[in-house]
Amino acid sequence: MIRAKKKTKKRKKIIGKVARYALGLLALALVVYLLYYYIRYYSYDEYKDYLSSYEYEEGADFIAIPEADPKVPGYELVAENDYLKLYTDTTTAIVAVYDKRNQNIIYTNPLDADEDSIANETNKRYLKSQFILNYFNKSRAAGVYDSFSMSVDRSQVRAENIDNGIRYIYDVGDHGTTTTGIVPTYFSSEKMEDVQSKLSEKDGATIRRYYVDSKDFPGLLELNGIALKNKKTIQKIQGLLEEIGFTQDDYYEQMELAGVEKVEGVSFIIPLEYRLEDDGIVVSIPTSEIKEFGEAKIYRIQLLRYMGAAGQDDKGYMVVPNGSGSIINFNNGKVNAADYSQYIYSIDPLADGMTQMEYTEKARLGLFGICKENSSILATIEDGETLATITAGIGGKYSTYNYAYTSFMLRIYDILSIFGSSGDSADMPIIVDDIYDCNLTVKYTLLTKENTGYSGIANYYRQRLLDEGVLTLKDTNDDIPFYYDIVGGVKETSFFLGTQYLSVNPVTTFEEAGDISDDLYAEGIKKQVMNYQGWFNGGYYHDVTDKVKIIRKLGGKSGLEELSKRVDSNGGSFYGDTSLQKVSYISKRYSGYQETSRYFGAGYYAWFANVNPTNLVKTATLGYKETGYYLVSPKFLPRYVNGFVKNINKLDISGISLRDLGDVLHSDQRRTNIISREEALDVVLAQFERLENTGKKLMISGGNEYSLKYASDIINVPLSDNRYFIVDESIPLYQMIIHGSIDYAGGVINFYDDIDRSELKLKLIEYGASPHYMFTKESANEMRYTGLHKYYSTKYELWKNEAVDMYKEVNKALGRVSGETMVNYEILQGGVKKVTYSNGVTFYINHTAEEVNADGVTIDAKSYEIR
């Protein structure tokens, strides 16, 4: 009995000790996990190393430069360089730039705004304003302030000298927010006596006569009802009070005696800077110096809406970065059309709606132009382009002026619907607290006669990019590239003992892709560019890139490296495709909760997929979960680029194809750590540097302007514009800038069902673009039940003959100019274009169904001629 009790007691001790050890281990595991969680997600801040900053220059009281013979009458000289003179009128805050080379003058605002025959009072104020603010007030109602009526016209603007320029500081707002100005409705007897003592006896008696003993507030004097309703009487009293230095603070001091609290009006302090720089003027708004009062929040600023605007008698057009590029003729009569307006690099996905109403070509360039007969203005967004929208409108609608300008989103906002409410009250704006810190900057370059028109704009800007090292000219003319995507591995649903799982279907192995390359070479295509998609981490919809595991079914590491060598030996370039910003929903090593960008309002993940054909919502996987994707927060992007770089350096392949890094740019609006799109751009540029330092060539899809510096090849460039009604002509502005430096191609031709092949050939020749196809060894039926079911016709054998013929015809034309710049593009008549290259070769392209004679050259229908 005693022995049994001892055994039981001993057993309990052992159990207790084991339990304590288990609890200790559990606590240790929890601590380790929390530490891991903290280090991996919360303390990881490598992205901060890449963020840029700017300095704010302190100004001095404005002193104009003395000048005996001003080139702009009535204006004061601010600064001067070899090309330009900068003038201003401090009473209107209008700035003028005088061009010494041709004696042209451009103004920030039209000088005859008040005489405009079309503009109403509001638009006349806009014509006289240097900027227009859109804001939300304390109650989250939207409002608009223009700089003329809310600052300049109230004498609430002052000027400062800055290096080589001028800064205007605008106090924008109505500081006389009370109906009686600074005239208190209530006065204490003591303050009234003080006021009277400072006035003459007559004026003292006059002001006292307007006040009676208050019935509601014993001991106070109250403005009588007759005086309160008489505007002239109020003005008379205010004049007397201002004479003795009575202030707004004195007003509120008296009103508070009657329990009337001080209400701060909506107002803003906005600095606007102008600096001469070579042949242009740099205009900037340092957002760090913007101040907001009255609990109002600015969300957009329209900058210099009428800078260089063209009037009714001017001939010319505006150039906008609409897809490949567009022109909008001055006074084109389309007064019922909406203004052209497009976000640079498309709208931030975190600011966009959840429905896809239309598919449009993105604006890939941060620039626009205003082209008159003998001169042009090129506007380039130097800083803040990710927050910018370019807008252009014609004369005859709001005023007699044709205009183009930049707007900047200073903070993002979401609209939340309130259940149980209806009408306007059902939607409430949720606004980011702080303005994005950025030196919003636009440079207006004054182009002379040799660079007029859109061709001149392209030539000037190309040369600037060459001088800055963004572009590098080729040194020879050679065959153009033939671009083709190869689909390797793709996820498909498989079953094992009745259990469903995803396996990799090897649609085209590395060896089979090499056979396609060899066959194309045998057909005479000696400069080919292969973009192999779906080669690692599970295929096309691959896992995150912190690790790189090459798919064995395709041929493994040795097969991949051998494929790269085969393509290289055939005179081509091999690129392995990867997606760095879009992470498949089925990724196993990714935390959607922690690492995904979020919306500001409700904090939802930035998660997208296909467009649902029934409701147009952009989150439909349509039965294939892998097609859904998260947008990686810029905070965590360096982690996955670091992992990819580490692994790609171990592979002997010639190039990397970036599916989204040069195409998609998004912010992270997570409330605890907001990363603006400008900051995201800093992070993305740093990742391009990391990838370039691998020594491998980079292929970019889409080709946003910030990616040009790093691109060896670009695919999926825009070969047309969006046919907005206000637009008059499509032009190859994008192509004119990069041709001769970077080889490029448009979208995949396999899926151009609605374009005649002869017309497509002419389009490629006109835009200097190479053909681009997609191939698989197996039939597209192999992908019918995969996330790539949209690729319905890709089998190489089916497309080979067309692809080879298309390439040879286009190469026959473009091979002689592949290393040349496109120096001139002319629209001779409807459907007939003339393209001239730097070596003198000229193409005449006839898109019409009839023979045409142009410049003495006969061009057959649906054909082209070379001279």
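Reading the values: rules and limits
- Residues numbered from 1 in each chain as written.
- Predicted model: local features only at pLDDT ≥ 70, side-chain atom pairs only at ≥ 80, totals over all residues.
- Heavy atoms only, no water.
- Helix = DSSP H or I, 4+ residues; strand = E, 2+ residues; numbered from the N terminus.
- Buried < 20%, exposed > 50% of the residue type's maximum accessible area, 1.4 Å probe, protein only.
- Contact = heavy atoms within 4.5 Å.
- Areas by Shrake-Rupley, 256 points an atom, 1.4 Å probe, with all protein chains shown as cover.
- Lys, Arg positive; Asp, Glu negative; His and termini not counted.
- Charge placed at Lys NZ, Arg CZ, Asp CG, Glu CD.
- Core = buried A, V, L, I, M, F, W, Y, C linked by side-chain atoms within 4.5 Å.
- 1 Å grid on protein atoms, 1.4 Å probe; cavity = no way out; pocket = protein on both sides within 12 Å on 5 of 7 lines; lining within 4 Å.
- Points joined across faces, edges and corners; volume = space filled by probe spheres on them.
- Nonpolar A, V, L, I, M, F, W, Y, C, P; charged D, E, K, R; others polar.
- Axes fitted to C-alpha atoms, helices over the stretch in contact; angles between N-to-C directions.
- Parallel < 35°, antiparallel > 145°, perpendicular 65-115°, else oblique.
- Patch = residues over 30% accessible without salt bridge, like charges linked within 9 Å, V, L, I, M, F, W, Y side chains within 5 Å.
- Salt bridge = Lys/Arg side-chain N within 4 Å of Asp/Glu carboxyl O.
- Pairing = 2+ DSSP bridges.
- Phe/Tyr/Trp six-rings, centres within 6.5 Å; stacked < 30°, edge-to-face > 60°.

Draft legend 1. The arrangement of the overall build of the chain in detail. Each helix and strand counted, the chain has 16 helices and 46 strands in total. Here the C-alpha coordinates of the chain stretch approximately 125 × 105 × 50 Å along the principal axes. For the chain, buried positions account for 57% of its 867 residues. Nonlocal contacts in the chain, meaning residues at least 24 apart in sequence, comprise 68% of its contacts between residues at least 6 apart. Accessible surface for the chain amounts to roughly 38000 Å². Of this, 49% is attributable to carbon and sulfur atoms. Of note, the chain has its 97 positive side-chain charges centred 13 Å away from the centre of its 120 negative side-chain charges.

Draft legend 2. Quick look at the nonpolar core. Counting 183 residues, the largest nonpolar core has Ile270, Trp535, Phe775 and Phe843 as the members making the most contacts within it. Examining the composition of this core, we find that nine residues originate from one element, helix 16 (residues 796-814), more than from any other. Not counting residues up to four positions away in its chain, the partners in contact with Ile270 are Phe131, Leu133, Tyr168, Ile169, Tyr170, Val172, Ile285, Ile290, Ile298 and Ile301. Core analysis: the second largest hydrophobic core is formed by 23 residues, Leu199, Ala227, Met255 and Ala258 among them.

Draft legend 3. How the structure looks around empty space enclosed by the protein. Under the definition given, this model contains three cavities of 30 Å³ or more. There is about 90 Å³ of room inside the largest cavity. Taken together, Lys474, Ile480, Pro481, His739, Gly740, Ile742, Asp743, Tyr744, Gly768, Ser770, Leu814 and Ser818 make up the lining of the largest cavity. The class makeup of the residues in the lining of the largest cavity is five nonpolar, five polar and two charged. Estimates place the volume of the second largest cavity at around 50 Å³.

Draft legend 4. Examining the packing of helix 12 (residues 637-648) against helix 13 (residues 677-692) more closely. Interhelical geometry of helix 12 versus helix 13 gives an angle of 5 degrees and a closest axis separation of 10 Å. In terms of their interaxial angle, helix 12 and helix 13 are classed as roughly parallel. Along the contact surface, helix 12 presents Leu637, Pro638, Val641, Asn642, Phe644 and Val645, while helix 13 presents Val683, Val684, Gln687, Arg690 and Leu691. Across the contact of helix 12 with helix 13, the residue classes break down as eight nonpolar, two polar and one charged.

Draft legend 5. Region of interest: a negative patch on the surface. Side chains of Asp249, Glu253, Glu256 and Glu261 sit close together on the surface and give a patch of like negative charge. Counting through the fold element by element, Glu256 comes out in helix 7 (residues 248-256). Judged by its relative accessible area of 46%, Glu256 falls in the partly exposed class.

Draft legend 6. Representation of the sheet that holds strand 11 (residues 211-213) within the structure. Spatially, the three strands line up as an open sheet ordered 10-12-11, and their pairing is antiparallel. Edge positions in the open sheet fall to strand 10 (186-188) and strand 11, since each of these has one partner strand only. Going from strand to strand, the sheet's axes swing by 35 degrees on average, the running direction of each strand aside.

Draft legend 7. Spotlight on the packing of aromatic side chains. This model, assessed by the stated rule, comprises 48 aromatic pairs. On the basis of an interplanar angle of 80 degrees and a centroid distance of 5.7 Å, the ring pair of Phe482 and Tyr807 is categorised as edge-to-face. Taken together, the residues Phe482 in strand 27 (residues 482-487) and Tyr807 in helix 16 connect sequence positions 325 residues apart. You can call Phe482 buried: its relative accessible area is 0%. Given a relative accessible area of 2%, Tyr807 falls into the buried group. Ring centres of Phe688 and Tyr710 lie 5.0 Å apart, and the angle between their planes is 5 degrees; on these two criteria the pair is classed as stacked. Taken together, the positions of Phe688 in helix 13 and Tyr710 in the loop between strand 36 (697-701) and strand 37 (713-715) put the pair 22 residues apart, joining distant regions of the chain. On the basis of relative accessibility, which here comes to 8%, the residue Tyr710 falls in the buried class.

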